[in-house]
Amino acid sequence: MNNLKFDNQRLIDFIAIGRLCIDLNANEINRPMEETLTFTKYLGGSPANIAIAMSKLGMNTGFIGRVADDQMGRYIVDYLKKSNIDISNVITDKSGSVTGLAFTEIKSPTDCSILMYRDNVADLKLQPTDVNEEYIKNAKAILVSGTALAASPSREAVFLALDYARKHNTVVFFDIDYRPYTWKSVEEISVYYNLVAEKCDVIVGTREEFDMMEMLTMKGNKDDHATAQKWFNFNAKIVVIKHGKEGSIAYTKKGEEIVGDVFPVTPLKTFGAGDSYAGAFIYGLMQGWDIGEAMKFGAGSAAIVVSSHSCSDAMPTTTQIEEFILNYGKYKAIE
Ligand SMILES: Nc1ncnc2c1ncn2[C@@H]1O[C@H](COP(=O)(O)OP(=O)(O)O)[C@@H](O)[C@H]1O
Ligand SMILES: O=C(O)C[C@@H](O)[C@H](O)C(=O)COP(=O)(O)O
């Protein structure tokens, strides 16, 4: 049991809102991007990856977002459809916007970076009028990722979605998902991140992301406990702080502190850990599992995805995560 309440009468399990993009992951690994010649195309964008994770885990999943009216936009919609994700609230933007691209560089298993092309992107064109109250009312949970707050009108669309979710008791997950693109100032980042975090039931982010959020309000704080406590004065019931391969820690409004299991692997690349963790963790919470069990499932999923080339395509099924966790000890013993 955990401390979240989902309305199990609702038809939709989970809706993600925000960016639908393309990942172009370097084929030549252990090489700087300057020397990389070929890339493989995948669906990308943090909330998109989390939606794919949830659908792979068997959850009835939908998406609220805008895609560009181009070949990449059509690829994204097609991929979502093939992944059993409801696209009734995915709108094709006709303003001449483009699809956001994330080129990834895999210099070594631990030295990876992402180069994003995000000028005039379709995802940030999401309008408040695109957000359908009934859709959110019919869902057990929604996920907001912080990058959707980086510009208007997407920012206002997210605030409206949050209002609908609070009005209809739809559980809100917030993945801080800080990306240093589009934002104009530290003040802007701080204000919008904090305003949204106040309205969410579960907040998930890396230590570095919380540091960014606290830049004006708790500058210099490195204490996870202090970070989490602030949000329990608002709507948060669970706050999770991730520490890369060191694992993660969760705090609850009831005063619990739960250190998550981690399954260290030598990764192929570092990115994708957060999105796969979020998907499987949210899945576990929605099954009513204890928070520690859900964190363990998240960590298992993350270990699988960092060992794979893609993020979205590599999202595992429940059976794959269960088998990975079961066999982890044996696999480590052979290594
Ligand atoms: N090398 C690794 N081996 C196994 N698990 C990992 C590794 N790196 C990250 N993880 C798992 O993924 C989770 C999220 O990773 P983290 O890097 O903190 O997030 P993000 O990708 O958002 O920066 C961690 O809590 C851990 O469980
Ligand atoms: O979020 C993006 O736009 C890029 C992602 O698709 C990318 O694969 C990635 O960075 C995953 O992020 P993480 O899971 O937080 O490591």
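Thresholds, definitions, all that
- Residues numbered from 1 in each chain as written.
- Chains lettered and ligands numbered in written order.
- Predicted model: local features only at pLDDT ≥ 70, side-chain atom pairs only at ≥ 80, totals over all residues.
- Heavy atoms only, no water.
- UniProt positions renumbered as here; feature names shortened; annotations may be inferred.
- Helix = DSSP H or I, 4+ residues; strand = E, 2+ residues; numbered from the N terminus.
- Core = buried A, V, L, I, M, F, W, Y, C linked by side-chain atoms within 4.5 Å.
- Buried < 20%, exposed > 50% of the residue type's maximum accessible area, 1.4 Å probe, protein only.
- Contact = heavy atoms within 4.5 Å.
- Pairing = 2+ DSSP bridges.
- Axes fitted to C-alpha atoms, helices over the stretch in contact; angles between N-to-C directions.
- Expected span 1.5 Å × (residues − 1).
- Near = heavy atom within 4 Å.
- Polar contact = N/O pair within 3.5 Å; in protein donor to acceptor, adjacent residues only side chain to side chain.
- Areas by Shrake-Rupley, 256 points an atom, 1.4 Å probe, with all protein chains shown as cover.
- Nonpolar A, V, L, I, M, F, W, Y, C, P; charged D, E, K, R; others polar.

The chain has the name 5-dehydro-2-deoxygluconokinase in an unreviewed UniProt entry, where Marinisporobacter balticus is given as its organism. On record in UniProt, under Pathway (unreviewed entry), the comment for the chain is "Polyol metabolism; myo-inositol degradation into acetyl-CoA; acetyl-CoA from myo-inositol: step 5/7." Turning to the chain, the UniProt record has this under Function (unreviewed entry): "Catalyzes the phosphorylation of 5-dehydro-2-deoxy-D-gluconate (2-deoxy-5-keto-D-gluconate or DKG) to 6-phospho-5-dehydro-2-deoxy-D-gluconate (DKGP)."

Colleague: Summarise the UniProt feature "domain: Carbohydrate kinase PfkB" (unreviewed entry) in the chain; cite the residues concerned and give the values.
Modeller: Taken from the UniProt record, the annotation "domain: Carbohydrate kinase PfkB" (unreviewed entry) applies to residues 15-317. Taken end to end, residues 15-317 is 33% helix and 24% strand, and its two terminal C-alpha atoms sit 18 Å from one another.

Colleague: Got a sec to walk through the nonpolar core? Specific residues and values, please.
Modeller: In this structure, F173 and F281 are the most contacted members of the largest nonpolar core, which totals 62 residues. Among the elements that line this core, the one with the most residues is helix α9 (residues 291-306), at 10 residues. Other than its neighbours up to four places away in sequence, F173 contacts L4, F6, A141, I142, L143, V144, V202, I282 and L285. Ranked by size, the runner-up nonpolar core spans 43 residues in total, among them I12, I136, A139 and A165.

Colleague: Tell me about the sheet that holds strand β2 (residues 21-26), and please be specific about residues and values.
Modeller: The mixed open sheet is built from four strands, whose spatial order is β3-β2-β7-β8. Each end of this open sheet is capped by a strand with a single partner; those strands are β3 (39-44) and β8 (111-117). When the angles between neighbouring strand axes are averaged without regard to direction, this sheet yields 25 degrees. Where β2 and β3 come together, six bridges link them in antiparallel fashion. Counted as the bridge partner of I22 is L43 from β3. In this fold helix α1 (residues 46-56) packs onto β2 and β3, with an angle of close to 75 degrees to the strand it touches most, β3. Contacting β2 and β3, helix α2 (residues 71-82) crosses the sheet at an angle of about 60 degrees to β3.

Colleague: Report on helix α5 (residues 186-197), specifying residues and quantitative values.
Modeller: Taking 1.5 Å of rise per residue, 12 residues should cover 16 Å, and α5 covers 16 Å from first to last C-alpha, within 8% of that figure. For α5, the complete set of buried residues consists of E188, I189, S190, Y193, N194, V196 and A197. On its buried face, α5 is in contact with β9 (139-145), α4 (154-167), β10 (171-175), β11 (202-206), α6 (207-213) and α7 (224-231).

Colleague: Requested: an account of the site of ligand 1, with residues and values cited.
Modeller: Taken together, 18 residues form the shell around ligand 1, and within it K242, G244, F263, V265 and G274 come nearest. In this structure, a nitrogen atom belonging to ligand 1 sits 3.1 Å away from a main-chain N or O atom of V265. G274 places a polar main-chain atom, nitrogen or oxygen, 2.8 Å from an oxygen atom of ligand 1. Burial of ligand 1 by the protein chains amounts to 84% of its free accessible area of 560 Å². Secondary-structure elements contributing two or more residues to the shell around ligand 1 are α8 (273-286) and α9. Of the residues that constitute the shell around ligand 1, the class distribution is 10 nonpolar, six polar and two charged.

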